2 protein chains.
Amino acid sequence: MDLPQLLDIITLEHVDAETFVGRSPVDRDRPVYGGQLLAQAVMAAAGTVEAGRVPHSLHAYFIRSGAARTPIEYRVEAIRDGRSFSHRSVIALQDDREIFRQMMSFQVPGDGLRHQEPLEIEPGIDPATMTQYRHWVEALSDNKDHGWFGEILPLDLRLQDPPPARPRSPITGTLRIWMRMLGHVPTDDPCIHAALLAWMSDKTISDMTMYPHARSWTDTDHNILSLDHTMYFFEPARADEWILFTHETPATAGGRGLARGDMVTLDGHRIGALSQEALLLAP
Amino acid sequence: MDLPQLLDIITLEHVDAETFVGRSPVDRDRPVYGGQLLAQAVMAAAGTVEAGRVPHSLHAYFIRSGAARTPIEYRVEAIRDGRSFSHRSVIALQDDREIFRQMMSFQVPGDGLRHQEPLEIEPGIDPATMTQYRHWVEALSDNKDHGWFGEILPLDLRLQDPPPARPRSPITGTLRIWMRMLGHVPTDDPCIHAALLAWMSDKTISDMTMYPHARSWTDTDHNILSLDHTMYFFEPARADEWILFTHETPATAGGRGLARGDMVTLDGHRIGALSQEALLLAP
């Protein structure tokens with residue numbers, strides 16, 4: 001999939017005032033990718049909100065696995081349109097079964113107090129020269145044939161300061177993953193950029209839940225299922241410029257792991273934050 | 001309000017299979033407290049879930065201000081009951097207007113991978129000897145008459161390593177607030193303890209969004225409105241034993257601020273995490 005194809009995927013068919021239909025890439029026979037559900041739900045909700053209001057947060061649950069060859073119906077409920085905020089709930093269905101639900105809030109952009117907790121980005125670094133994240137995962141995985149390593153994505157994924165990639169060696173602390181869309185996004189629409197950031201954010205966030213256990217979701221006998229997803233957009237950012245996603249896992253327990261992190265631009269500006277809980281499938 | 005009164009507040013009237021009614025403390029003429037909505041919604045959802053399933057996450061939006069003298073109707077939607085997980089959506093209404101919505105997930109407790117990212121709690125510390133958090137806020141606030149400083153709460157709230165409490169002096173970094181219910185909670189029910197943790201978690205989490213701006217929500221001309229709330233419960237914990245809530249604010253922008261943190265027991269065990277975005281009302 002390239003960027004025009006991804007932009008096509010997040011462009012939904014408008015069925016009626018609150019119903020939209022989205023499709024998955026035709027070359028995909030795995031379950032629907034969670035980031036696609038997040039992104040399509042952002043676009044469905046945005047399609048019902050007054051122009052000029054921009055997404056500042058979303059909260060989603062992954063309910064059932066989605067089938068890539070079946071269209072996805074998005075039903076939007078307008079919870080409230082206030083003076084400054086619009087709240088939406090979006091339900092995604094396949095064959096009338098709910099596979100996903102997302103609540104969102106949009107805000108009329110405004111001024112107000114501004115603060116950034118310091119976060120050091122070394123001047124002059126160039127993510128394009130860093131280790132490709134998928135090469136690093138491949139090196140520590142016991143399954144070099146995993147489809148993800150060769151999947152064509154419209155995404156440049158780089159790992160800053162990669163820990164040594166030794167199979168069966170635990171990795172803890174914080175990962176610094178840089179991402180940007182490969183290609184130019186031909187719009188400034190903050191809803192489309194938020195949708196693309198949501199799409200990319202689900203690529204790697206939960207990977208970190210497995211690393212402390214000296215395993216990767218790409219290992220032969222392991223996997224991760226996303227349970228939920230939360231994003232905060234402090235201010236608009238472009239998905240085709242480098243964004244640092246930090247990933248940390250405070251704890252795993254009861255078969256679940258939380259991953260969370262920050263979204264930061266190359267000039268060190270915090271533009272958002274995210275978290276995801278995942279189910280760790282391990283023998 | 002004392003602990004028996006709070007336990008009474010979170011004990012809902014069961015109207016029918018998916019409808020519950022909750023009330024607010026009668027001595028309160030301010031808007032309904034957000035933590036009460038979180039806690040009552042936990043109890044409403046739990047009232048529709050098979051015994052033995054425990055809450056592991058919740059995601060809520062505060063939609064409208066609630067009136068303390070009006071009963072709150074909680075309508076629960078069973079999104080799905082699977083083998084291991086139950087998903088619920090809870091809508092809170094007053095006079096048929098939605099004031100609050102919460103999605104939740106419950107899980108059959110299980111084993112599985114376990115990891116804790118190290119977090120230092122100094123051995124032998126006793127939160128009961130620490131600064132009372134409300135005394136500290138009062139010292140830095142310009143409005144010593146704010147009702148919150150004298151409100152009777154069934155909650156012991158302590159601040160570890162308090163930064164100097166000087167009015168108009170910015171505070172950044174991480175706050176360490178210890179909390180426990182005052183009194184014994186006469187049950188082990190993990191749903192009730194989760195509801196109480198939700199109730200207490202909303203007392204202070206967003207305070208931190210205002211401190212970098214050298215202001216407090218208790219100041220004369222400032223306030224904070226909670227926009228949303230997310231909690232993860234890694235494993236059950238008792239609300240009447242000390243829990244450390246860490247609070248940090250990565251950024252504020254566009255009039256909004258994110259606060260987030262960890263929940264940790266006195267022996268240094270991470271039992272959960274939380275985040276809340278808030279609207280900063282400042283002249």
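Each remark here, short or long, concerns the structure printed above.
Residues numbered from 1 in each chain as written. Chains lettered and ligands numbered in written order. Predicted model: local features only at pLDDT ≥ 70, side-chain atom pairs only at ≥ 80, totals over all residues. Heavy atoms only, no water.

**Regarding the overall build of chain A**
- Each helix and strand counted, chain A has five helices and 16 strands in total.
- The C-alpha atoms of chain A give a radius of gyration of 18 Å, which matches the 19 Å a tight globule of 283 residues would have.
- Counting only C-alpha atoms and orienting by the principal axes, one finds that chain A spans roughly 50 × 45 × 35 Å.
- With 283 residues in all, chain A has 63% of them scored as buried.
- At a minimum sequence separation of 6, the contacts of chain A that also span at least 24 residues come to 72%.
- Summing over all exposed atoms, chain A offers an accessible surface of approximately 10,800 Å²; the carbon and sulfur share of this is 49%.
- Taken together, the 26 basic and 39 acidic charged side chains of chain A have centroids lying 4 Å from each other. (Helix = DSSP H or I, 4+ residues; strand = E, 2+ residues; numbered from the N terminus. Rg over C-alpha atoms; globule rule 2.2 N^0.38 Å. Buried < 20%, exposed > 50% of the residue type's maximum accessible area, 1.4 Å probe, protein only. Contact = heavy atoms within 4.5 Å. Areas by Shrake-Rupley, 256 points an atom, 1.4 Å probe, with all protein chains shown as cover. Lys, Arg positive; Asp, Glu negative; His and termini not counted. Charge placed at Lys NZ, Arg CZ, Asp CG, Glu CD.)

**As for the packing of helix H2 (residues 34-46) of chain A against helix H4 (residues 190-201) of chain A**
All names here are of chain A.
- Put simply, H2 and H4 touch, their axes get as near as 7 Å, and they point 160° apart. Taken together, the axes of H2 and H4 are roughly antiparallel relative to one another. Handedness of the H2/H4 crossing: right-handed. Here Gly35, Gln36, Leu38, Ala39, Val42, Met43 and Ala46 of H2 lie close against H4, whose contacting residues are Cys191, Ile192, Ala195, Ala198 and Trp199.
- For the contact of H2 with H4, the residue count by class is ten nonpolar, two polar and no charged. (Axes fitted to C-alpha atoms, helices over the stretch in contact; angles between N-to-C directions. Parallel < 35°, antiparallel > 145°, perpendicular 65-115°, else oblique. Left-handed = near helix turned anticlockwise from the far one by under 90°. Nonpolar A, V, L, I, M, F, W, Y, C, P; charged D, E, K, R; others polar.)

**Concerning the interface of chain B and chain A**
- Between chain B and chain A, the residue contacts involve 61 residues of the former and 61 residues of the latter.
- Interface area, chain B with chain A, both sides summed: about 5,200 Å², of which 57% is carbon and sulfur.
- Broken down residue by residue, the surface that chain B buries against chain A is led by Tyr61, Leu113 and His115 of chain B, which jointly contribute 15%.
- With a closest N to O distance of 2.8 Å, Arg101 of chain B and Glu77 of chain A form a salt bridge. (Buried area = accessible area lost by both parts, 1.4 Å probe. Salt bridge = Lys/Arg side-chain N within 4 Å of Asp/Glu carboxyl O.)

**Some remarks on the pattern of salt bridges**
- For the structure shown, the criterion picks out 32 salt bridges over all chains.
- Of the charged contacts in the structure, one is a salt bridge between Asp188 of chain B and Arg238 of chain B, with a shortest N-O distance of 2.8 Å. With Asp188 of chain B in the loop between strand S10 (174-181) and helix H4 (190-201) and Arg238 of chain B in the loop between strand S12 (228-233) and strand S13 (243-248), the pair connects residues that are 50 residues apart, well separated along the chain.
- Through salt bridges with shared partners, a single network forms among Glu248 and Arg260 of chain A together with Asp262 and Arg270 of chain B.

**Focus: helix H2 (residues 34-46) of chain B**
- For H2 of chain B, built from 13 residues, the straight-helix expectation of 18 Å at 1.5 Å per residue is met to within 8% by its first-to-last C-alpha distance of 18 Å.
- Along H2 of chain B, 13 of the 13 residues are buried, which leaves the element largely enclosed by surrounding structure. (Expected span 1.5 Å × (residues − 1).)

**Some thoughts on the relation of the copies chain B and chain A**
- Once chain B is rotated about the relating axis by 180° and shifted along it by 0.0 Å, it coincides with chain A to within an RMSD of 0.0 Å. Such a combination of turn and shift is consistent with a two-fold rotation axis. The C-alpha atom lying nearest the rotation axis in chain B is that of His59 of chain B; the distance is 3.2 Å. (Least-squares fit on C-alpha atoms with pLDDT ≥ 70 in both.)

**Examining H4 of chain A**
Residues and elements named next belong to chain A.
- The end-to-end C-alpha separation of H4 is 16 Å, in line with the 16 Å expected for twelve residues at 1.5 Å each.
- For H4, the buried fraction is high: eleven of the twelve residues fall into the buried class.
- Taken as a whole, H4 has its buried residues at Cys191, Ile192, His193, Ala194, Ala195, Leu196, Leu197, Ala198, Trp199, Met200 and Ser201.
- Where H4 begins, the side chain of Asp189 points an oxygen toward the backbone nitrogen of Cys191, at a separation of 2.8 Å. (Polar contact = N/O pair within 3.5 Å; in protein donor to acceptor, adjacent residues only side chain to side chain.)

**Here we look at the packing of aromatic side chains**
- Following the criterion strictly, the structure yields 14 aromatic pairs over all chains and no others.
- Here the aromatic rings of Phe62 of chain B and Phe100 of chain B are separated by 5.4 Å at their centres, their planes lie at 45°, and the arrangement is tilted. Of the two residues, Phe62 of chain B is situated in strand S3 (residues 54-62) and Phe100 of chain B in strand S6 (residues 97-107); the sequence distance between them amounts to 38 residues.
- Taking the relative accessible area as the measure of exposure, Phe62 of chain B reaches 11% and is therefore buried.
- Judged by relative accessible area, Phe100 of chain B falls into the buried class, the value being 0%.
- Linked through ring pairs, Tyr133, Trp136, Trp148, Phe149, Tyr211 and Trp217 of chain A together constitute an aromatic cluster.
- Sitting over the face of the ring of Tyr33 of chain A, Lys203 of chain A holds its NZ or CZ atom 3.8 Å from the ring centroid. (Phe/Tyr/Trp six-rings, centres within 6.5 Å; stacked < 30°, edge-to-face > 60°. Lys NZ or Arg CZ within 6 Å of the ring centre and 35° of its normal.)

**Quick look at the environment of Thr11 of chain A**
All names here are of chain A.
- Turning to its location among the elements, Thr11 is positioned in the loop between helix H1 (3-9) and strand S1 (13-16).
- A relative accessible area of 54% means that Thr11 is categorised as exposed.
- When the C-alpha positions of Thr11 and Arg23 are compared, they lie 9.1 Å apart, and in sequence the two are twelve residues distant.

**Things to note about the pairing of strand S2 (residues 19-22) of chain B**
Residue and element names in this part refer to chain B.
- Judged by which residues are buried, S2 turns out to be covered on both faces: Thr19 and Val21 on one side and Phe20 and Gly22 on the other are all buried.
- In this structure, strand S1 (residues 13-16) lies alongside S2, joined through three bridges in antiparallel fashion. Its bridge partner being in S2, Asp16 is matched across the sheet by Thr19.
- Hairpin geometry of S1 and S2 is characterised by an intervening segment of two residues between the two adjacent antiparallel strands.
- The pairing of S2 with strand S4 (residues 72-81) spans four bridges and is antiparallel. Paired with Phe20 across the two strands is Tyr74, which belongs to S4. (Pairing = 2+ DSSP bridges.)

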